[in-house]
Amino acid sequence: MTAAQSPSSTLATSTAPASPLLQVEGLEVAYGHIEAVKGVSFELHEGQITTLVGANGAGKSTTLLALSGLVKKRAGRVRFDGRDIAALPPHKIVRSGVVQVAEGRATLTTLTVNENLELGAYTRSDRGERAADLERIYTLFPRLKERHNGLAGNLSGGEQQMLAIGRALMARPRVLLLDEPSMGLAPIIVQDIFRTLRDINAQGLTIFLVEQNVRQALRIADRAYVIETGEIVLQGSGRELLGNPKVQDAYLGS
Ligand SMILES: Nc1ncnc2c1ncn2[C@@H]1O[C@H](COP(=O)(O)OP(=O)(O)OP(=O)(O)O)[C@@H](O)[C@H]1O
Ligand SMILES: [Mg+2]
């Protein structure tokens, strides 16, 4: 009998939910007297897109920065793949597989597209596979391939965002973190970015997306959290939250 046919294994999969790949519990971050994040808990499940949405100043970026180890946590636990990573320095968090896309499309404008992508692999020791990864990323972003020898500074805003995502992918993440990748881009380019995130996710990558573009983020999210003044106030599937009257009133203008 195969595992799939076994009654006990069927029972096991239906009663025991998969444990999260990454779990944050009771995260608190303060900037001096400002309590930016006040005990936030959430889970990322392998192969899913999870989104954290909220208004200006709600604490989204701070949550991401804390996850990446770039701001000090006042409290909270972060378990990733069964391991406590809360106290690790940023470079070790990256090396463990939790990689944040550079904020504000901060590509290195005086380097070429190719050089930017190569830099993304700097934490890795397996140099042999870099060329294959580069090809994979150029397949994902044909526009970047066309311009591989061009300076990143000459790319459009949308192309720079793609490059920032490509650079993060070169680090071979197991979880990709993004802070408002749609910010400042024309709606048609925003569609491109979200489609790309879905493609990357379809290849198996776990994604944690912070967004102010609530509608678009909820549309692609398997799991979603709403943050208001440093606290999670709602959670559910993306579809559930899209249909939630409170979300519609406060964030979807309907
Ligand atoms: N470096 C800082 N020093 C002091 N206060 C800060 C700092 N960074 C953020 N804050 C404050 O912390 C709170 C949360 O900010 P955060 O940037 O995390 O919000 P956000 O949800 O990412 O907002 P936005 O959508 O505008 O990017 C806000 O009140 C903000 O003013
Ligand atoms: Mg922010």
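Residues numbered from 1 in each chain as written. Chains lettered and ligands numbered in written order. Predicted model: local features only at pLDDT ≥ 70, side-chain atom pairs only at ≥ 80, totals over all residues. Heavy atoms only, no water.

Chemist: Could you give an account of the sheet that holds strand 7 (residues 175-179), with specific residues and numbers?
Modeler: Here 6 strands make up an open sheet; going across it, the order is 6-7-8-3-9-10 and the pairing mixed. A strand with exactly one partner marks an edge of an open sheet, and here the two such strands are strand 6 (98-100) and strand 10 (231-236). Across the sheet, the mean angle from the axis of one strand to that of its neighbour is 20°, orientation sign disregarded. Across the sheet, helix 8 (residues 187-202) lies against strand 3 (49-53), strand 7 and strand 8 (206-211), angled at about 155° from strand 8, the strand it touches most. (Pairing = 2+ DSSP bridges. Helix = DSSP H or I, 4+ residues; strand = E, 2+ residues; numbered from the N terminus. Axes fitted to C-alpha atoms, helices over the stretch in contact; angles between N-to-C directions. Contact = heavy atoms within 4.5 Å.)

Chemist: Break down the layout of surface pockets for me, citing the residues and quoting the values.
Modeler: Leftover empty space is mapped by rolling, across the atoms, a probe with the size of a water molecule. Of the pockets and cavities examined, the largest pocket occupies roughly 400 Å³. Forming the boundary of the largest pocket are 19 residues, of which Val-94, Val-99, Gln-100, Ala-102 and Tyr-122 lie nearest the centre. Of all the secondary-structure elements, those providing two or more residues to the lining of the largest pocket are helix 3 (90-96), strand 6, helix 4 (113-120) and helix 7 (157-169). Grouping the amino acids of the lining of the largest pocket by side-chain chemistry returns 14 nonpolar, 3 polar and 2 charged. Considered as a void within the structure, the second largest pocket measures approximately 250 Å³ in volume. Contributing to the lining of the second largest pocket are 14 residues, with Phe-141, Arg-143, Met-162, Asp-192 and Thr-196 lying nearest its centre. Of all the elements in the fold, those that place two or more residues in the lining of the second largest pocket are helix 6 (142-146), helix 7 and helix 8. Sorting elements by how many residues they give to the lining of the second largest pocket places helix 8 first, with 5 residues. Taken together, the residues that form the lining of the second largest pocket break down as 6 nonpolar, 3 polar and 5 charged. (1 Å grid on protein atoms, 1.4 Å probe; cavity = no way out; pocket = protein on both sides within 12 Å on 5 of 7 lines; lining within 4 Å. Points joined across faces, edges and corners; volume = space filled by probe spheres on them. Nonpolar A, V, L, I, M, F, W, Y, C, P; charged D, E, K, R; others polar.)

Chemist: I'd love a proper account of the packing of aromatic side chains, names of residues and values included.
Modeler: Inspection of the entire model under this criterion finds 2 aromatic pairs. Relative to Phe-208, the ring of Phe-42 lies with its centre 4.8 Å away and its plane at 15°, an arrangement referred to as stacked. In this pair, Phe-42 is assigned in strand 2 (residues 34-44) and Phe-208 in strand 8, connecting sequence segments 166 residues apart. Across the pair, exposure class does not vary: Phe-42 and Phe-208 are buried alike. Three or more aromatic residues joined by ring pairs form one cluster here, namely Phe-42, Phe-208 and Tyr-225. (Phe/Tyr/Trp six-rings, centres within 6.5 Å; stacked < 30°, edge-to-face > 60°. Buried < 20%, exposed > 50% of the residue type's maximum accessible area, 1.4 Å probe, protein only.)

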